[in-house]
Amino acid sequence: MVDLLTEIKTEEERIRQGGGAKAIEAQQKKGRLTARERIAKLIDPGSSFFELGIYAAWEMYEEWGGAPAAGTLTGLARVSGRLVMIIANDATVKAGAFFPMTAKKVIRAQNIAIENRLPTIYLVDSAGVFLPLQEDVFPDTDDFGRVFRNNAVMSAMGIPQTTAIMGMCVAGGAYLPVMCDHILMTEGSGLFLAGPALVQAAIGQKVSAEELGGAKMHAQISGTVDFHEPNDDACIARIRALLDKLGHPPASRFDRKASAPPAYPADEIYGVFSSDAAKQYDMRELIARTVDSSVFEEYRPDFGKTLLCGYARIGGFSVGIVANQKKHVHTHAPGTGEKRVEFGGVIYSESADKAARFILDCNQSLVPLVFLHDVNGFMVGKEAEWTGIIRAGAKMVNAVANSVVPKISVICGGSFGAGHYAMCGKAYDPRFIFAWPTARYAVMGGDAAAGTLVEIKIKQLEREGKKLTDKDKKELFESVKATYEHQTDPRYAAARLWVDAIIDPAQTRDALIWALEAAALNPDVREFKTGVLQT
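(A) Structural detail: the packing of helix α4 (residues 100–116) against helix α5 (residues 144–156). Look at α4 against α5: their axes get within 9 Å of each other, and the N-to-C directions meet at 20°. By the criterion of interaxial angle, the relationship of α4 to α5 is roughly parallel. Our pair here, α4 against α5, has a crossing hand that is left-handed. Residues Ala 103, Val 106, Ile 107, Gln 110, Asn 111, Ala 113 and Ile 114 of α4 touch α5, and the partners they reach there are Phe 144, Arg 146, Val 147, Asn 150, Asn 151 and Met 154.

In structure tokens:
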């Protein structure tokens, strides 16, 4: 775990360098702060920036020199005491241009803001679409245009949006600030649908950037910007002043009391948890190091033991926890009552039944749900099928899919196959989804997948008249497994925004508190309906 954490944190530090020292120096020579410097000055003194999506585009676009963090920063912070979403272009990465993953990252941040009613601050410093990849940035529902559509939807929902133009803002990107509530612009910045070169090429008109779309012009002539600021520092001070005047949302419908720390140190998680699929550990020990006062009111503790369900508080918030138990458990077979051992990390029929019922209860009682993943999948075999594993699994999936209370997922270890879905994977709309460095998720584990793929490959080669030696088969297995394991690395998932952040296990509680505080800002909880439940 220590080695993994060191590797992750070292990698993150490299990503934080953005476009590198020369690009940072070039930004500062223009009299502008970098995106990270702007955020550091914007947030409340002594507070932190909970960054999301730092691994976006990791190991992608290498033929174009890469795009660290997808050239944009997103995350939660407190500004003038308000919890907000911050979206900031990093001009040190290809002048802040939008790669395909940049658009998806901004949209993900906006969706989090929409789901949780978070005031949103945009720090704009972007050259617009990265033209060599325009076909993957421009047209689809999760591409560039969706950003402006979301601006309009957020405005209609009453979610405050403040934009500061602190560099270039051109082409379609120029719509983003103008669709927000407050527009600020610094001296030396540019806001135009087409830059001087394109204007000359299109209509033959020669005009300077300042005359075409400078801050003075937009403040005095077009009337497009609300505040004309001399520099970044003044602009940031103005944003803080505006945020300070915001009204307050309706009170949260979720219960919160004074927070109490766990009775056990969080860093003991490193010793309790095992990422070795062959080893067992008690998930209750992880919960005890995450929840307030280490108090966990376990629901039906003697039934469906491979899934733990229960009530607790995290940061004072009432929560329902659904967690995979990784210990093998002694129980009685349903129907016959015969004693048997059930494997940890596997969802059995009675486990799924219990979890579905618990999730229904949490929705009925307005209790947010936290899912802790370390799941191999659902049980298979004749006995499982005879006890209705598909029916029970469908019931649990239905309950998760139709839940109306906030859902937050943490992938601790494995999260494989349909077990990933039932435990509220990305496709089931968790408000936030986090992963530990030990997280792995895919259709199946590496050994099983590699074995299956190798068997298919061997049969294909044999049909072509080729014979493989045992050495050839072993090399093929290791090659396939290495590729598969790389694709199950949490950084691979984070690069594609399948998870919002890779977190230190000892900071799981902090991440959950950030997420719960954000979720509490949205007081709207629709009526809970499940449709047809398989009973």
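Now that the structure has been shown, the text picks up again.
(B) Geometry of helix α3 (residues 35–42). All of the buried residues in α3 are Ala 35, Arg 38, Ile 39 and Leu 42. Seen from one end, α3 has its buried residues packed into an arc of 95°, which puts them on one side. Contacts made by the buried residues of α3 are with α2 (21–29), β2 (72–79), β3 (82–89), β4 (120–126), β5 (161–170) and α10 (232–244).

(C) View of the packing of aromatic side chains. This model, assessed by the stated rule, comprises 16 aromatic pairs. Summarising the aromatic geometry, the rings of Tyr 61 and Phe 99 are spaced 4.9 Å apart at their centres and angled 35° between planes, so their arrangement reads as tilted. Here the residue Tyr 61 occupies a position in the loop between β1 (50–52) and β2, and Phe 99 occupies one in the loop between β3 and α4, the gap between them amounting to 38 residues. There is no split in this pair, since Tyr 61 and Phe 99 are both buried. Taking the centre distance of 5.0 Å and the plane angle of 75° together, the rings of Phe 144 and Phe 148 count as edge-to-face. You can see Phe 144 and its partner Phe 148 sitting in helix α5, 4 residues apart, about one turn around the helix.

(D) Looking closely at α5. If you check which residues of α5 are buried, you get Phe 144, Val 147, Phe 148, Asn 150, Asn 151 and Met 154. Take α5 and look down its axis: the buried residues cluster within an arc of 155°, on one side only. Here the buried face of α5 lies against α4, β4, β5 and α6 (175–178).

(E) Quick peek at unusual backbone geometry. With phi around 65°, Glu 59 is a residue other than glycine that occupies positive phi space. Inspection of the secondary structure assignment puts Glu 59 in the loop between β1 and β2.

(F) Molecular detail of the packing of helix α13 (residues 349–364) against helix α15 (residues 389–402). Where α13 meets α15, the closest approach of the two axes is 8 Å, and the angle between their N-to-C directions is 25°. Relative to α15, α13 is oriented roughly parallel. You can see that α13 and α15 cross each other, and the crossing is left-handed. Across the interface between the two elements, Ser 349, Ala 352, Asp 353, Ala 355, Ala 356, Ile 359 and Leu 360 from α13 touch Ile 389, Ala 392, Gly 393, Lys 395, Met 396, Ala 399 and Val 400 from α15.

(G) Molecular detail of the side chain of Thr 162. Tracing the chain through its elements places Thr 162 in strand β5. Apart from the residues within four sequence positions on either side, Thr 162 is in contact with Thr 120, Ile 121, Tyr 122, His 182, Leu 184, Ile 239 and Leu 243.

(H) View of the nonpolar core. Ranked by internal contacts, the top residues of the largest apolar core, which has 66 residues, are Leu 76, Ile 321 and Phe 434. Judged by nonpolar contacts, the second largest core, of 51 residues, contains Leu 33, Ile 54, Ala 77 and Ile 236.

Cut-off values and rules
- Residues numbered from 1 in each chain as written.
- Predicted model: local features only at pLDDT ≥ 70, side-chain atom pairs only at ≥ 80, totals over all residues.
- Heavy atoms only, no water.
- Axes fitted to C-alpha atoms, helices over the stretch in contact; angles between N-to-C directions.
- Helix = DSSP H or I, 4+ residues; strand = E, 2+ residues; numbered from the N terminus.
- Parallel < 35°, antiparallel > 145°, perpendicular 65-115°, else oblique.
- Left-handed = near helix turned anticlockwise from the far one by under 90°.
- Contact = heavy atoms within 4.5 Å.
- Buried < 20%, exposed > 50% of the residue type's maximum accessible area, 1.4 Å probe, protein only.
- Arc of directions from axis to C-beta.
- Phe/Tyr/Trp six-rings, centres within 6.5 Å; stacked < 30°, edge-to-face > 60°.
- Core = buried A, V, L, I, M, F, W, Y, C linked by side-chain atoms within 4.5 Å.

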